[in-house]
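Observations on chain architecture
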There are 2 protein chains.
Amino acid sequence: MAEKSSRGLADVVAATTSISDIDGESGRLFYRGYDIHDIAGRISFEECVHLLQRGDLPTQQGLDDLEDELTAARQIGATTEALLPHVVRAATPMEALRTLVSSLSVDDPDAGDSSVEADRRKATRLVAQMPILVARYEAARTGRAPVESDPDLGIAGNFLWQITGRYPSDRAQDLFDTCLVLHADHTMNASTFTARVIAATLSDMHSAITGAMGALRGPLHGGANEAVMNTLTSIEGDVDAVDGFVREELSAGRKLMGFGHRVYKTEDPRATHLRKMSEELGELSGNSRYYEFSRRMEQTVFDTKGLYPNVDFYAASVYHALGIPTDLFTPVFAISRMSGWTAHVIEQHEDNRLIRPGSEYTGPTGRRWADIAER
Amino acid sequence: MAEKSSRGLADVVAATTSISDIDGESGRLFYRGYDIHDIAGRISFEECVHLLQRGDLPTQQGLDDLEDELTAARQIGATTEALLPHVVRAATPMEALRTLVSSLSVDDPDAGDSSVEADRRKATRLVAQMPILVARYEAARTGRAPVESDPDLGIAGNFLWQITGRYPSDRAQDLFDTCLVLHADHTMNASTFTARVIAATLSDMHSAITGAMGALRGPLHGGANEAVMNTLTSIEGDVDAVDGFVREELSAGRKLMGFGHRVYKTEDPRATHLRKMSEELGELSGNSRYYEFSRRMEQTVFDTKGLYPNVDFYAASVYHALGIPTDLFTPVFAISRMSGWTAHVIEQHEDNRLIRPGSEYTGPTGRRWADIAER
């Protein structure tokens, strides 16, 4: 039946999309036709949500309306509240958050409706709820009282406020806002593709997003930013220790996370921005240790293996400098990517076809049943 | 970058597998090299689990050992127990069960371990836990005391016992056992493919299975068996009313669920068995209404559209005759398919490559940022 074979689907076009585009050869990324270099640092995450979910950058009125919607939706339902104290026993945040995100459907008034209008309402709500959920989870697992959401802060600023308990500087808010824009969408990455495969059975938005959470968790996907930070903190000594560490890891055959990408054959354009942000945050805080370690590691890995850093590499030192706990780095990725995931579910439902590939059978053939006494 | 384009991936080989194989032209299905016609009715679901997860039909000793493991694992952890009373508020069983399955990881001793050995232990546990979870959910939502699991009954018999509260006849146990065998695996169906995409990020077993639950729910996939039953019960009058009903639905452009399949170009071999089972259960119960309705609908749809019934079509009247509530039909599918899903996650982790397809961009290009005041 199936004619084209591609393990990992690396050279297969699985879907058409008008949400984002990547030129892997020249290292360019576009959201709805805007080059990421043209919009990163110039638009807020809320404007980016509007762009991805609704197709265009908003007018001032459109942005005001969306911000009002998002601020009003900064709450989780009674069911998810009730689950929180139980799932904090999970070993990792992404494990707990997968269950919590799944439970959001129970109190969602549109849960049973997969019309475009209902999908759009759920998409907006999920973008608003995800950072609140991470903050509530963080408070619950640390036993602290939840920090109240501040309606004067946008998604980026409010998240830093709720997670750190310190009012973030304007510059920290802007930089984190740009982080969220940079991670918002990336064509058919594994979690987005998961969401589309689920949505293509005409299953619902929350099922698709819960699946995406599970995929993002993997160390070959969103889990990589945590792995990078753990690598950086594991290196003892000063920056000159980095070279020896890298060579030792590589000669032991261990993979260094945060380098290389399935699609980019040159520098990941998101890394260009995150590198600068890591440098600036080091200077602002007076502690450039992890920026300098990262810079050196980047050079050594490129000299040794010819690999470029990807989005996860400099995100690690940036999030660390912003005061985010390391094991919340992947949840932060989810806060941003929720905007892209939900846009892709809407797009899939708008013009659906079941995604059901073939496979090549490589096992034994022609076996015949025998009675259990004769096996 | 991407060269081969296939919306829905209908003609793309996405993976190699030694678990199952389909010959769509001749309507044949194989589990690990055994023709489904050779094993359906001859092996128990437990033997099928052994075949799919471990590669071979078990010896008597192997089966005894697996049955002991499965019986011992008929329990859900304290976290999932605590969530049950809250998620029963979900509008549908699959929505509640998606959250509950996700929560099983919290108390799983192997949750953080994706080695082959740990994956195998989790795979066995999940097969044992899934029917218990459905039964506990059913008890919780109806406010009845849970029916205690009976260690003398296999998975099929114990599920009927716990769901209906009546001790099932030997024949009912055997027939339901065969239903579970028939639904156990089916190559790269949408839920199994979802599980593999998630597992291919090196994410964990529970993340993959939770995603699969979300995909199975869709009406183009596992949700179809419920839709078939709702269609059958909606027809008023006697069997002669079926023709008019079918023609009215089709002329109104509505899709009749349970017919046609992406892969089979002839009769789905599973439907052959389920048709006979539906007939036998009608005779045994003295009520053949839904069997006769199904038979007539099959003929009318074939005469009108040339479509064959798929696995979901006769499963509906079979499950109904076995006393299973209609909205638990898709959860029953999940009980069976858990064996295939988990086998595929093990296989994916054993020889992994990230599944990350390309996409074709169809949106606007060359857009340039403008200040919000000028949009």
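Residues numbered from 1 in each chain as written. Chains lettered and ligands numbered in written order. Predicted model: local features only at pLDDT ≥ 70, side-chain atom pairs only at ≥ 80, totals over all residues. Heavy atoms only, no water.

1. Concerning the interface of chain A and chain B
- Across the boundary between the two partners, chain A contributes 103 residues, which contact 103 residues of chain B.
- Between chain A and chain B, the buried area comes to about 9,500 Å², and carbon and sulfur atoms account for 54% of it.
- Our count for the contact surface shared by chain A and chain B stands at twelve salt bridges.
- For the salt bridge of aspartate 56 of chain B with arginine 367 of chain A, the shortest nitrogen-to-oxygen distance reads 2.4 Å.
- For the pair chain A and chain B, the interface holds 62 residue pairs in polar contact (both at pLDDT 80 or more). (Contact = heavy atoms within 4.5 Å. Buried area = accessible area lost by both parts, 1.4 Å probe. Salt bridge = Lys/Arg side-chain N within 4 Å of Asp/Glu carboxyl O. Polar contact = N/O pair within 3.5 Å; in protein donor to acceptor, adjacent residues only side chain to side chain.)

2. Concerning the packing of helix H15 (residues 311-321) of chain A against helix H16 (residues 329-350) of chain A
Residues and elements named next belong to chain A.
- Running from N to C, H15 and H16 point in directions that differ by 105°, and their axes come no closer than 11 Å. One finds that H15 runs roughly perpendicular with respect to H16. Of the residues in H16, those touching H15 at Asp312, Ala316, Tyr319 and His320 are Phe329, Val332 and Phe333.
- For the contact of H15 with H16, the class distribution of residues is five nonpolar, one polar and one charged. (Axes fitted to C-alpha atoms, helices over the stretch in contact; angles between N-to-C directions. Helix = DSSP H or I, 4+ residues; strand = E, 2+ residues; numbered from the N terminus. Parallel < 35°, antiparallel > 145°, perpendicular 65-115°, else oblique. Nonpolar A, V, L, I, M, F, W, Y, C, P; charged D, E, K, R; others polar.)

3. Digging into the relation of the copies chain A and chain B
- For the pair chain A and chain B, the relating rotation is 180°, the translation along its axis is 0.0 Å, and the fit reaches an RMSD of 0.0 Å. Here the transformation between the copies is reduced to the relation of a two-fold axis. It is glycine 211 of chain A whose C-alpha, among those of chain A, lies nearest the rotation axis, at 2.0 Å.
- A shared binding surface is used by both copies, with 100% of the interface residues of chain A retained as interface residues in chain B. (Least-squares fit on C-alpha atoms with pLDDT ≥ 70 in both.)

4. So, empty space enclosed by the protein
Residues and elements named next belong to chain A.
- Going through the model one piece at a time under the given rule, you end up with two cavities of 30 Å³ or more.
- Roughly 40 Å³ of internal volume is contained in the largest cavity.
- What lines the largest cavity is Arg74, Ala128, Pro131, Ile132, Ile155, Asn158, Phe159 and Gln162.
- Taken together, the elements giving at least two residues each to the lining of the largest cavity come down to helix H6 (116-142) and helix H7 (155-164).
- Class assignment of the residues belonging to the lining of the largest cavity gives a composition of five nonpolar, two polar and one charged. (1 Å grid on protein atoms, 1.4 Å probe; cavity = no way out; pocket = protein on both sides within 12 Å on 5 of 7 lines; lining within 4 Å. Points joined across faces, edges and corners; volume = space filled by probe spheres on them.)

5. Some details on unusual backbone geometry
All names here are of chain B.
- Even without glycine at this site, arginine 32 takes up a positive phi of about 50°.
- Mapped onto the secondary structure, arginine 32 falls in the loop between strand E4 (28-31) and strand E5 (34-35).
- Arginine 32 sits in the buried class, given a relative accessible area of 10%.
- A positive phi angle is found at leucine 202, which is not glycine, with a value near 65°.
- In this structure, leucine 202 sits in the loop between helix H9 (190-199) and helix H10 (205-216). (Buried < 20%, exposed > 50% of the residue type's maximum accessible area, 1.4 Å probe, protein only.)

6. Notes on the side chain of glutamine 162 of chain A
- With respect to the helices and strands, the residue glutamine 162 of chain A is situated in helix H7.
- When residues no more than four places from it in sequence are discounted, the contact partners of glutamine 162 of chain A are Ile132, Ala135, Val147, Glu148 and Ser149 of chain A.

7. So, the sheet that holds E4 of chain B
Residues and elements named next belong to chain B.
- Strand order in the open sheet made by the three strands is E3-E4-E5, with antiparallel pairing throughout. In this open sheet, the two edge strands, each paired with only one partner strand, are strand E3 (20-23) and E5.
- Relative to E4, E3 runs antiparallel, the two sharing four bridges. By the bridge assignment for E4, isoleucine 22 is matched with leucine 29. (Pairing = 2+ DSSP bridges.)

8. Focus: the domain arrangement of chain A
All names here are of chain A.
- Domain annotation of chain A identifies domain 1 (33-218 + 335-350) and domain 2 (224-321).
- Computed from C-alpha coordinates alone, the two centres of domain 1 and domain 2 are separated by 27 Å.
- The interface is formed by 13 residues belonging to domain 1 together with 16 residues belonging to domain 2.
- When domain 1 packs against domain 2, the two sides together hide about 1,300 Å² of surface, and 68% of this comes from carbon and sulfur.
- Considering only the side of domain 1, the residues that lose the most area to domain 2 are Leu182, His183 and His186, jointly responsible for 42% of the buried surface there.
- At the boundary of domain 1 and domain 2, one finds one salt bridge.
- As a salt-bridge pair, glutamate 280 and arginine 171 come within 2.4 Å of each other at their nearest N and O atoms.
- In this assembly, domain 1 and domain 2 are joined by four residue pairs in polar contact (both at pLDDT 80 or more).
- Elements that contribute at least two residues to the side of domain 1 that touches domain 2 include exactly helix H1 (36-39) and helix H8 (170-182). (Domains from an automatic or database assignment.)

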